[in-house]
Amino acid sequence: IRASEARWRSLLTDVQLAVIGVDPRGRINYANPFLERLIDYPAEDLTGRPVASLLPESDRAELAERLAAAAQTGPRPHSQWDLVCASGARRSLAWSTVRLNDPDGGYAGLLSIGEDITDRLAAERNLERTRELERLGRANMLGELVSTLAHELNQPLAAILSNAQAARRFLASGSAGVEELREILDDIVRDDKRAGEVIQRLRLMLS
């Protein structure tokens, strides 16, 4: 039994995870060295302290509800809570929690093991910001392309319309010669090819 206890104490001391024990009143009765280093509180400042005092004020009411529920039906096995360090900085931890019972089966408190995920969450936020900037960059680029395309297409399309209207007037007047109509149609074909080239360049840019 002593050997087994020594192994568990060694594990709790050396593991690179935060381990915290909470009594039925919600006060800390154990904190391993990793947790002490993580939030920069010595063991003597943690033992007997309400665990809620380590959380941001905005989370304390919810924690109180969770602790009350844990005494009745057991804790949520997985959760995420921020701890406030002695410096005022915050560390985010993903917690796994189990209920502890006394020899008679009564509620004896909780034991939680937490993984510090602060840096991972920060990296995920930075990645999301980078992706958002990339999306905005692509949106701006597409906006510029659309504006350029509209400008480039406006001239040949306007010329096509103008030539088509001229051909209609010639036909309506009955004075249109074959050569004049041929020139108008050649202009329309040329402007149509020009518009097609603009669209083709855009396709190449987006491919």
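Each remark here, short or long, concerns the structure printed above.
The structure contained in this document is the topic of the report that follows.

Analysis parameters
- Residues numbered from 1 in each chain as written.
- Predicted model: local features only at pLDDT ≥ 70, side-chain atom pairs only at ≥ 80, totals over all residues.
- Heavy atoms only, no water.
- Helix = DSSP H or I, 4+ residues; strand = E, 2+ residues; numbered from the N terminus.
- Expected span 1.5 Å × (residues − 1).
- Buried < 20%, exposed > 50% of the residue type's maximum accessible area, 1.4 Å probe, protein only.
- Bend = angle between axes of the 7 residues up to and from the residue.
- Lys, Arg positive; Asp, Glu negative; His and termini not counted.
- Salt bridge = Lys/Arg side-chain N within 4 Å of Asp/Glu carboxyl O.
- Polar contact = N/O pair within 3.5 Å; in protein donor to acceptor, adjacent residues only side chain to side chain.
- Contact = heavy atoms within 4.5 Å.

Before going further, it helps to spend a moment on helix α4 (residues 57-73). The end-to-end C-alpha separation of α4 is 25 Å, in line with the 24 Å expected for 17 residues at 1.5 Å each. Residues Asp59, Leu63, Leu67 and Ala70 constitute the buried set of α4. Directly beyond the C-terminal end of α4, a positive phi value near 100 degrees is found at Gly74.

Glancing now at helix α5 (residues 118-173). End to end, α5 covers 81 Å across 56 residues, agreeing with the expected 82 Å (1.5 Å per residue, within 8%). Of all the bends in α5, the largest measures some 30 degrees and sits at Asn154, one to four residues before the proline Pro156. The complete set of buried residues in α5 reads Thr118, Leu121, Leu145, Leu153, Pro156, Ile160, Asn163, Ala166 and Ala167. Where α5 ends, the next residue or the one after it, Gly174, has phi of about 75 degrees, a positive value.

Let us now look at the side chain of Asp82. Along the polypeptide, Asp82 turns up in strand β3 (residues 78-84). Of the buried charged residues, Asp82 lacks a salt bridge, with Arg90 as the closest side chain of opposite charge at 4.0 Å. At 2.6 Å, the side chain of Asp82 and the side chain of Ser92 are in polar contact. In this structure, Asp82 is in contact with Leu54, Leu55, Pro56, Arg90, Arg91 and Ser92, ignoring residues within four places of it in sequence.

What follows is about the environment of Glu180. Its location among the elements puts Glu180 in helix α6 (residues 178-206). Taking relative accessible area as the criterion, Glu180 reaches 37% and is therefore assigned partly exposed. Placed 70 residues apart in sequence, Glu180 and Leu110 show a C-alpha to C-alpha distance of 95 Å.

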